[in-house]
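Read off the chains here:
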Amino acid sequence: MTPAEGVREREEREAQQEQDALALAAAAGIHRLAIPTPFMVGRVNAYLIEDSPLTLVDSGPNSAKALDELEQALAIHGHAVEDIELLVITHQHMDHFGLASILARRSGAEVAALSALAPFLASYGHQTDLEDRFAERMMLRHGIPPEIVTALRAVSAGFRAWGEAVEVTRPLQADTHLELRDRKLRVLHRPGHSPSDTIFLDEANSILLTADHLIANISSNPLLSRPLDAEEEYSSPPSPRPQALITYMDSLRKTREMELAVALPGHGGPVIDHVALIDQRLRLHERRAEKIRRLIASEPRTAHEIAQEMWGNVAVTQAYLTLSEVIGHVDLLLRDGQVIEDEHDGVVLLRAV
Ligand SMILES: [Zn+2]
(Lines give C-alpha, C1' and ligand atoms only; values in the text may rest on other atoms or scores of the structure.)
Protein backbone atom coordinates (compact mmCIF):
# COMPACT_ATOMS: atom_id res chain seq x y z
CA MET A 1 0.00 0.00 0.00
CA THR A 2 1.42 3.42 -0.96
CA PRO A 3 1.26 6.29 1.58
CA ALA A 4 -1.34 8.01 -0.65
CA GLU A 5 -3.54 4.89 -0.53
CA GLY A 6 -3.15 4.82 3.23
CA VAL A 7 -4.34 8.42 3.52
CA ARG A 8 -7.25 7.78 1.16
CA GLU A 9 -8.26 4.70 3.10
CA ARG A 10 -8.20 6.62 6.37
CA GLU A 11 -10.24 9.45 4.84
CA GLU A 12 -12.78 6.98 3.53
CA ARG A 13 -13.00 5.28 6.90
CA GLU A 14 -13.50 8.62 8.66
CA ALA A 15 -16.14 9.72 6.14
CA GLN A 16 -17.95 6.44 6.75
CA GLN A 17 -17.78 6.91 10.54
CA GLU A 18 -19.26 10.40 10.13
CA GLN A 19 -22.10 9.05 7.99
CA ASP A 20 -22.77 6.32 10.54
CA ALA A 21 -22.80 8.86 13.39
CA LEU A 22 -25.25 11.14 11.60
CA ALA A 23 -27.41 8.11 10.78
CA LEU A 24 -27.38 7.10 14.46
CA ALA A 25 -28.50 10.60 15.43
CA ALA A 26 -31.17 10.61 12.71
CA ALA A 27 -32.49 7.28 14.01
CA ALA A 28 -32.91 9.05 17.37
CA GLY A 29 -34.79 11.86 15.60
CA ILE A 30 -31.91 14.36 15.62
CA HIS A 31 -31.09 15.85 12.21
CA ARG A 32 -28.25 18.18 11.29
CA LEU A 33 -29.25 21.20 9.22
CA ALA A 34 -26.15 23.05 7.92
CA ILE A 35 -27.00 26.75 7.53
CA PRO A 36 -24.81 29.26 5.61
CA THR A 37 -23.07 32.12 7.44
CA PRO A 38 -20.95 35.02 6.14
CA PHE A 39 -18.18 34.12 8.60
CA MET A 40 -14.85 32.41 8.04
CA VAL A 41 -16.02 29.37 9.96
CA GLY A 42 -18.42 28.47 7.12
CA ARG A 43 -21.76 26.81 7.82
CA VAL A 44 -23.30 26.54 11.24
CA ASN A 45 -25.20 23.42 12.32
CA ALA A 46 -28.73 23.74 13.60
CA TYR A 47 -30.25 20.49 14.87
CA LEU A 48 -33.86 19.52 14.35
CA ILE A 49 -35.17 17.23 17.09
CA GLU A 50 -38.31 15.43 15.96
CA ASP A 51 -40.09 15.14 19.24
CA SER A 52 -42.86 16.95 21.05
CA PRO A 53 -42.42 19.89 21.17
CA LEU A 54 -40.80 19.97 17.72
CA THR A 55 -37.41 21.44 18.63
CA LEU A 56 -34.72 23.34 16.80
CA VAL A 57 -31.35 23.78 18.50
CA ASP A 58 -29.77 27.00 17.20
CA SER A 59 -31.10 28.91 14.24
CA GLY A 60 -28.27 30.18 12.06
CA PRO A 61 -27.57 33.89 11.51
CA ASN A 62 -30.09 36.59 10.72
CA SER A 63 -30.07 36.60 6.92
CA ALA A 64 -32.47 35.89 4.07
CA LYS A 65 -30.09 33.24 2.72
CA ALA A 66 -29.90 31.46 6.07
CA LEU A 67 -33.69 31.55 6.43
CA ASP A 68 -34.18 30.27 2.89
CA GLU A 69 -31.81 27.34 3.37
CA LEU A 70 -33.26 26.56 6.79
CA GLU A 71 -36.73 26.37 5.25
CA GLN A 72 -35.47 24.02 2.55
CA ALA A 73 -33.70 21.84 5.12
CA LEU A 74 -36.82 21.68 7.31
CA ALA A 75 -38.92 20.78 4.24
CA ILE A 76 -36.69 17.76 3.56
CA HIS A 77 -37.90 16.46 6.93
CA GLY A 78 -41.50 17.39 6.20
CA HIS A 79 -41.61 20.50 8.39
CA ALA A 80 -42.03 24.25 7.99
CA VAL A 81 -40.81 27.12 10.18
CA GLU A 82 -44.39 27.47 11.49
CA ASP A 83 -44.20 23.93 12.93
CA ILE A 84 -41.32 24.71 15.30
CA GLU A 85 -42.52 24.69 18.90
CA LEU A 86 -39.29 25.11 20.83
CA LEU A 87 -36.10 26.95 19.92
CA VAL A 88 -33.02 26.21 21.99
CA ILE A 89 -30.04 28.59 21.94
CA THR A 90 -26.61 27.18 22.75
CA HIS A 91 -24.62 30.40 23.23
CA GLN A 92 -24.31 34.11 22.60
CA HIS A 93 -22.70 34.13 19.15
CA MET A 94 -24.79 35.55 16.32
CA ASP A 95 -24.07 32.77 13.82
CA HIS A 96 -25.98 30.50 16.24
CA PHE A 97 -28.96 32.60 17.36
CA GLY A 98 -29.35 35.45 14.83
CA LEU A 99 -32.50 34.04 13.20
CA ALA A 100 -34.15 33.02 16.48
CA SER A 101 -36.24 36.16 16.79
CA ILE A 102 -37.72 35.82 13.29
CA LEU A 103 -38.35 32.09 13.77
CA ALA A 104 -40.03 32.68 17.13
CA ARG A 105 -42.26 35.39 15.66
CA ARG A 106 -43.32 33.25 12.72
CA SER A 107 -43.83 30.01 14.63
CA GLY A 108 -44.84 31.21 18.08
CA ALA A 109 -42.17 28.84 19.42
CA GLU A 110 -40.90 29.12 22.95
CA VAL A 111 -37.26 30.19 23.22
CA ALA A 112 -35.07 28.33 25.69
CA ALA A 113 -31.57 29.37 26.79
CA LEU A 114 -29.50 29.48 29.93
CA SER A 115 -31.19 31.96 32.27
CA ALA A 116 -27.89 33.83 32.74
CA LEU A 117 -27.83 34.39 28.97
CA ALA A 118 -31.37 35.77 28.71
CA PRO A 119 -30.53 39.43 29.54
CA PHE A 120 -27.76 39.40 26.93
CA LEU A 121 -30.09 38.06 24.24
CA ALA A 122 -32.86 40.50 25.18
CA SER A 123 -30.62 43.55 24.73
CA TYR A 124 -28.30 42.18 22.07
CA GLY A 125 -27.50 45.53 20.41
CA HIS A 126 -26.56 47.23 23.66
CA GLN A 127 -24.63 44.16 24.84
CA THR A 128 -22.66 44.16 21.61
CA ASP A 129 -21.72 47.80 22.23
CA LEU A 130 -20.46 46.82 25.69
CA GLU A 131 -18.57 43.85 24.22
CA ASP A 132 -16.96 46.07 21.60
CA ARG A 133 -15.85 48.61 24.21
CA PHE A 134 -14.45 45.82 26.35
CA ALA A 135 -12.58 44.40 23.33
CA GLU A 136 -11.16 47.82 22.45
CA ARG A 137 -9.79 48.29 25.95
CA MET A 138 -8.23 44.84 25.91
CA MET A 139 -6.67 45.43 22.49
CA LEU A 140 -5.13 48.79 23.43
CA ARG A 141 -3.91 47.40 26.74
CA HIS A 142 -2.15 44.50 25.01
CA GLY A 143 -0.33 46.46 22.34
CA ILE A 144 -2.64 46.60 19.33
CA PRO A 145 -2.12 49.98 17.61
CA PRO A 146 -5.07 52.41 17.89
CA GLU A 147 -5.55 52.59 14.10
CA ILE A 148 -6.09 48.81 13.93
CA VAL A 149 -8.54 49.02 16.86
CA THR A 150 -10.49 51.71 14.99
CA ALA A 151 -10.57 49.64 11.78
CA LEU A 152 -11.80 46.59 13.69
CA ARG A 153 -14.60 48.65 15.25
CA ALA A 154 -15.93 49.27 11.72
CA VAL A 155 -15.68 45.55 10.88
CA SER A 156 -17.61 44.63 14.02
CA ALA A 157 -20.30 47.24 13.28
CA GLY A 158 -20.66 45.79 9.78
CA PHE A 159 -21.42 42.32 11.16
CA ARG A 160 -23.85 43.53 13.84
CA ALA A 161 -27.00 42.89 11.79
CA TRP A 162 -26.33 39.14 11.58
CA GLY A 163 -27.65 38.95 15.11
CA GLU A 164 -30.97 40.16 16.52
CA ALA A 165 -32.31 40.51 20.03
CA VAL A 166 -34.59 37.69 21.12
CA GLU A 167 -36.66 37.17 24.23
CA VAL A 168 -36.02 33.97 26.18
CA THR A 169 -39.41 32.62 27.31
CA ARG A 170 -38.04 29.45 28.87
CA PRO A 171 -34.96 30.17 30.98
CA LEU A 172 -32.89 27.09 31.73
CA GLN A 173 -30.80 26.24 34.76
CA ALA A 174 -27.60 24.25 34.42
CA ASP A 175 -27.76 20.64 35.61
CA THR A 176 -31.50 20.35 35.10
CA HIS A 177 -33.43 18.59 32.34
CA LEU A 178 -35.28 19.97 29.37
CA GLU A 179 -38.06 17.40 29.03
CA LEU A 180 -39.49 16.49 25.66
CA ARG A 181 -42.06 13.71 25.13
CA ASP A 182 -39.56 11.05 24.06
CA ARG A 183 -36.37 12.23 25.74
CA LYS A 184 -34.78 14.29 28.43
CA LEU A 185 -32.05 16.71 27.49
CA ARG A 186 -29.62 17.35 30.29
CA VAL A 187 -28.59 21.03 30.33
CA LEU A 188 -24.88 21.52 31.05
CA HIS A 189 -22.99 24.80 31.25
CA ARG A 190 -19.52 24.55 29.67
CA PRO A 191 -18.14 28.11 29.46
CA GLY A 192 -14.85 28.95 27.75
CA HIS A 193 -15.43 29.47 24.04
CA SER A 194 -17.99 32.00 25.28
CA PRO A 195 -19.30 32.63 28.82
CA SER A 196 -22.67 31.07 27.92
CA ASP A 197 -21.74 27.81 26.14
CA THR A 198 -24.44 25.30 26.93
CA ILE A 199 -24.39 21.68 25.81
CA PHE A 200 -27.34 19.30 25.75
CA LEU A 201 -27.15 15.58 26.44
CA ASP A 202 -29.84 13.27 25.11
CA GLU A 203 -29.34 10.82 27.96
CA ALA A 204 -31.20 7.81 26.59
CA ASN A 205 -29.24 7.92 23.33
CA SER A 206 -25.92 9.23 24.73
CA ILE A 207 -25.92 11.91 22.04
CA LEU A 208 -24.36 15.23 23.03
CA LEU A 209 -25.07 18.50 21.25
CA THR A 210 -21.82 20.37 21.85
CA ALA A 211 -22.29 23.58 19.80
CA ASP A 212 -18.91 25.39 19.76
CA HIS A 213 -17.65 23.80 22.98
CA LEU A 214 -16.14 20.94 20.99
CA ILE A 215 -15.69 20.94 17.22
CA ALA A 216 -14.07 18.07 15.29
CA ASN A 217 -11.84 19.85 12.79
CA ILE A 218 -11.11 23.25 14.38
CA SER A 219 -10.00 24.08 17.89
CA SER A 220 -12.66 26.27 19.50
CA ASN A 221 -11.18 29.67 20.21
CA PRO A 222 -11.68 30.77 23.81
CA LEU A 223 -12.72 34.32 23.00
CA LEU A 224 -12.16 37.00 25.64
CA SER A 225 -15.62 38.18 26.56
CA ARG A 226 -17.34 40.18 29.30
CA PRO A 227 -18.69 37.96 32.07
CA LEU A 228 -22.47 37.47 31.77
CA ASP A 229 -23.01 39.02 35.18
CA ALA A 230 -20.64 41.97 34.61
CA GLU A 231 -21.73 45.43 35.68
CA GLU A 232 -22.66 47.79 32.89
CA GLU A 233 -19.40 49.71 33.38
CA TYR A 234 -17.12 46.77 33.77
CA SER A 235 -13.89 48.04 35.30
CA SER A 236 -11.09 49.40 33.15
CA PRO A 237 -8.73 47.60 32.90
CA PRO A 238 -11.06 44.64 33.31
CA SER A 239 -10.05 43.16 36.61
CA PRO A 240 -9.91 40.34 37.26
CA ARG A 241 -9.56 39.54 33.59
CA PRO A 242 -11.86 36.74 32.43
CA GLN A 243 -9.71 33.62 32.03
CA ALA A 244 -11.31 32.17 28.94
CA LEU A 245 -8.77 29.43 28.18
CA ILE A 246 -8.39 28.20 31.77
CA THR A 247 -12.19 28.11 32.01
CA TYR A 248 -12.39 26.34 28.66
CA MET A 249 -9.87 23.66 29.59
CA ASP A 250 -11.76 22.98 32.83
CA SER A 251 -14.95 22.62 30.80
CA LEU A 252 -13.25 20.24 28.35
CA ARG A 253 -12.11 18.03 31.24
CA LYS A 254 -15.70 17.75 32.44
CA THR A 255 -16.91 16.75 28.99
CA ARG A 256 -14.08 14.24 28.74
CA GLU A 257 -15.63 12.29 31.63
CA MET A 258 -18.90 11.75 29.78
CA GLU A 259 -19.92 8.46 28.15
CA LEU A 260 -21.04 9.30 24.64
CA ALA A 261 -22.16 7.50 21.51
CA VAL A 262 -21.54 10.62 19.45
CA ALA A 263 -21.09 14.36 19.84
CA LEU A 264 -22.75 16.73 17.38
CA PRO A 265 -20.95 20.10 17.09
CA GLY A 266 -22.12 23.52 15.97
CA HIS A 267 -19.85 23.45 12.93
CA GLY A 268 -18.68 20.59 10.70
CA GLY A 269 -19.00 16.86 11.16
CA PRO A 270 -19.74 14.75 14.23
CA VAL A 271 -17.11 13.94 16.85
CA ILE A 272 -16.61 10.17 16.95
CA ASP A 273 -14.09 9.88 19.80
CA HIS A 274 -14.51 12.86 22.12
CA VAL A 275 -11.92 11.63 24.63
CA ALA A 276 -9.17 11.42 21.99
CA LEU A 277 -10.16 14.80 20.56
CA ILE A 278 -10.20 16.50 23.97
CA ASP A 279 -6.80 15.01 24.85
CA GLN A 280 -5.50 16.36 21.53
CA ARG A 281 -6.91 19.82 22.31
CA LEU A 282 -5.46 19.88 25.83
CA ARG A 283 -2.03 18.91 24.48
CA LEU A 284 -2.28 21.60 21.80
CA HIS A 285 -2.85 24.26 24.45
CA GLU A 286 0.02 23.01 26.63
CA ARG A 287 2.35 23.08 23.62
CA ARG A 288 1.20 26.53 22.58
CA ALA A 289 1.70 27.88 26.11
CA GLU A 290 5.26 26.52 26.09
CA LYS A 291 5.94 28.14 22.70
CA ILE A 292 4.68 31.48 24.02
CA ARG A 293 6.76 31.08 27.17
CA ARG A 294 9.89 30.66 25.05
CA LEU A 295 9.06 33.76 23.00
CA ILE A 296 8.65 35.79 26.18
CA ALA A 297 11.85 34.34 27.65
CA SER A 298 13.84 35.40 24.57
CA GLU A 299 12.56 38.98 24.83
CA PRO A 300 9.80 40.80 26.79
CA ARG A 301 6.84 41.42 24.46
CA THR A 302 3.24 42.52 24.34
CA ALA A 303 0.54 39.92 23.67
CA HIS A 304 -0.01 41.48 20.23
CA GLU A 305 3.68 41.13 19.35
CA ILE A 306 3.47 37.47 20.31
CA ALA A 307 0.39 37.03 18.11
CA GLN A 308 2.27 38.60 15.18
CA GLU A 309 5.25 36.34 15.79
CA MET A 310 2.98 33.30 15.75
CA TRP A 311 0.45 34.13 13.04
CA GLY A 312 1.92 36.99 10.98
CA ASN A 313 -0.64 39.16 9.24
CA VAL A 314 -3.58 37.16 10.63
CA ALA A 315 -2.71 38.85 13.94
CA VAL A 316 -3.79 42.11 12.27
CA THR A 317 -6.84 41.00 10.23
CA GLN A 318 -8.07 38.79 13.08
CA ALA A 319 -6.49 40.87 15.84
CA TYR A 320 -8.99 40.18 18.61
CA LEU A 321 -9.22 36.46 17.91
CA THR A 322 -5.46 35.99 17.96
CA LEU A 323 -5.06 38.30 20.96
CA SER A 324 -7.62 36.21 22.87
CA GLU A 325 -5.66 33.10 21.95
CA VAL A 326 -2.36 34.55 23.23
CA ILE A 327 -3.85 35.98 26.43
CA GLY A 328 -5.54 32.67 27.17
CA HIS A 329 -2.16 30.95 27.12
CA VAL A 330 -0.50 33.78 29.05
CA ASP A 331 -3.13 33.14 31.75
CA LEU A 332 -1.81 29.56 32.01
CA LEU A 333 1.76 30.87 32.35
CA LEU A 334 0.73 33.48 34.94
CA ARG A 335 -1.09 30.83 36.93
CA ASP A 336 2.03 28.65 36.90
CA GLY A 337 4.26 31.58 37.89
CA GLN A 338 6.28 31.48 34.64
CA VAL A 339 5.64 35.03 33.44
CA ILE A 340 4.66 38.39 34.91
CA GLU A 341 2.81 41.36 33.48
CA ASP A 342 4.63 44.66 33.55
CA GLU A 343 2.52 47.71 32.79
CA HIS A 344 3.89 50.89 31.16
CA ASP A 345 1.61 53.77 30.13
CA GLY A 346 -1.39 51.43 30.08
CA VAL A 347 0.28 48.81 27.88
CA VAL A 348 1.18 45.40 29.30
CA LEU A 349 4.62 43.95 28.60
CA LEU A 350 5.12 40.26 29.38
CA ARG A 351 8.32 39.13 31.03
CA ALA A 352 9.64 35.70 31.91
CA VAL A 353 10.21 34.94 35.58
ZN1 LIG B 1 -19.49 30.48 18.88
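Our subject is the structure listed above.
Residues numbered from 1 in each chain as written. Predicted model: local features only at pLDDT ≥ 70, side-chain atom pairs only at ≥ 80, totals over all residues. Heavy atoms only, no water.

> I keep staring at the coordination of the zinc ion and nothing clicks. Help me out?
As a benchmark, a tetrahedral metal site with four donors has ideal angles of 109.5 degrees, while an octahedral site with six donors has ideal angles of 90 or 180 degrees. Every protein donor of the zinc ion is accounted for by His91 (NE2), His93 (ND1), His193 (NE2) and Asp212 (OD), and the metal-donor separations fall at 2.2 to 2.3 Å. Summarised as a motif, the one-chain spacing of the donors to the zinc ion is H-x1-H-x99-H-x18-D. Summarising the burial analysis for this pair, histidine 91 and histidine 93 share the class buried. (Donors = N, O, S within 2.8 Å, 3.2 Å for Na, K, Ca; no water. Buried < 20%, exposed > 50% of the residue type's maximum accessible area, 1.4 Å probe, protein only.)

> Please clarify how helix α10 (residues 303-311) should be interpreted in this entry.
Within an α-helix, residues lying three or four positions from one another point in the same direction, as the helix has 3.6 residues per turn. The set of residues buried in α10 consists of Ala303, His304, Ile306, Ala307 and Met310. Seen along its axis, α10 keeps its buried residues to an arc of 155°; they face one direction. Residues of α10 that are buried make contact with α9 (274-298), α11 (314-317), α12 (319-335) and β13 (347-352). Trailing α10 by a residue or two, glycine 312 shows a phi angle of about 60°, which is positive. (Helix = DSSP H or I, 4+ residues; strand = E, 2+ residues; numbered from the N terminus. Arc of directions from axis to C-beta. Contact = heavy atoms within 4.5 Å.)

> Honestly, the environment of histidine 126 in this entry has me stumped. Any pointers?
Checked against the element boundaries, histidine 126 lands in helix α6 (residues 124-141). Sequence separation of histidine 126 and alanine 165 is 39 residues, and the distance between their C-alpha atoms is 9.6 Å.

> Explanation requested: the sheet that holds strand β8 (residues 184-189) in the structure shown.
Each strand in a sheet pairs with another by means of backbone hydrogen bonds, the pair being arranged parallel or else antiparallel. Read from one edge to the other, the open sheet built from five strands follows the order β7-β8-β9-β10-β11, with strand pairing classed as mixed. The sheet terminates laterally at β7 (177-179) and β11 (262-265), the two strands that pair on one side only. Across the sheet, the mean angle from the axis of one strand to that of its neighbour is 25°, orientation sign disregarded. Relative to β11, strand β10 (residues 207-211) is paired through four bridges, and the arrangement is parallel. Considered in β11, the bridge of leucine 208 is made with alanine 263. Docked against the sheet, helix α1 (residues 3-27) engages β10 and β11, running at close to 90° with respect to β11. (Pairing = 2+ DSSP bridges. Axes fitted to C-alpha atoms, helices over the stretch in contact; angles between N-to-C directions.)

> In this structure, what is going on with the environment of valine 326? I would like to understand it.
With respect to the helices, strands and loops of the structure, valine 326 is situated in helix α12. For the pair valine 326 and leucine 209, spaced 117 residues apart in sequence, the C-alpha to C-alpha distance is 28 Å. Those residues in contact with valine 326, other than ones at most four positions away along the chain, are Ile292, Ala303, Ile306, Ala307 and Trp311.

> Please clarify how the sheet that holds strand β4 (residues 86-88) should be interpreted in this entry.
Read across the open sheet, the six strands follow the order β1-β2-β3-β4-β5-β6; overall the sheet is mixed. Across the chains shown, the open sheet's two edge strands, defined by having one partner strand only, are β1 (30-35) and β6 (170-172). Averaged over all adjacent pairs, the angle separating strand axes in this sheet is 20°, with direction ignored. Relative to β6, strand β5 (residues 110-114) runs parallel, the two sharing three bridges. Each bridged residue has a counterpart across the sheet, and for alanine 113 the counterpart in β6 is proline 171.

> Which parts of the structure should I look at to understand the packing of aromatic side chains?
Pairs of aromatic rings are described using the distance from one ring centre to the other and the angle between the two planes. Applying the stated criterion across every chain, the model contains three aromatic pairs. Plain terms: the ring middles of phenylalanine 39 and tryptophan 162 are 6.3 Å apart, the flat faces sit at 65° to each other, and that makes the pair edge-to-face. Residue phenylalanine 39 is located in the loop between β1 and β2 (44-49), and its partner tryptophan 162 is located in the loop between α7 (146-159) and β6; the two are separated by 123 residues in the primary sequence. Ring geometry for phenylalanine 97 versus tyrosine 124: centroids 5.5 Å apart, planes at 75°, classification edge-to-face. (Phe/Tyr/Trp six-rings, centres within 6.5 Å; stacked < 30°, edge-to-face > 60°.)

> Before we go on, may I ask you to explain the packing of helix α8 (residues 244-256) against α12 in this structure?
Helix-helix packing is characterised by the crossing angle of the two axes and by the distance between the axes. With their axes 7 Å apart at the nearest point, α8 and α12 run at an angle of 85° to one another. One element, α8, and the other, α12, form an angle in the roughly perpendicular class. Residues Ala244, Leu245, Ile246 and Met249 of α8 form the contact with α12, whose own contacting residues are Gly328, His329, Asp331, Leu332 and Arg335. A per-class count over the contact of α8 with α12 returns five nonpolar, two polar and two charged. (Parallel < 35°, antiparallel > 145°, perpendicular 65-115°, else oblique. Nonpolar A, V, L, I, M, F, W, Y, C, P; charged D, E, K, R; others polar.)

> Which parts of the structure should I look at to understand a negative patch on the surface?
On the surface, a cluster of negative charge is contributed by Glu5, Glu9, Glu11 and Glu12. When you line up the elements, glutamate 12 lands in helix α1. The class of glutamate 12 is exposed, set by a relative accessible area of 51%. (Patch = residues over 30% accessible without salt bridge, like charges linked within 9 Å, V, L, I, M, F, W, Y side chains within 5 Å. Areas by Shrake-Rupley, 256 points an atom, 1.4 Å probe, with all protein chains shown as cover. Salt bridge = Lys/Arg side-chain N within 4 Å of Asp/Glu carboxyl O. Lys, Arg positive; Asp, Glu negative; His and termini not counted. Charge placed at Lys NZ, Arg CZ, Asp CG, Glu CD.)

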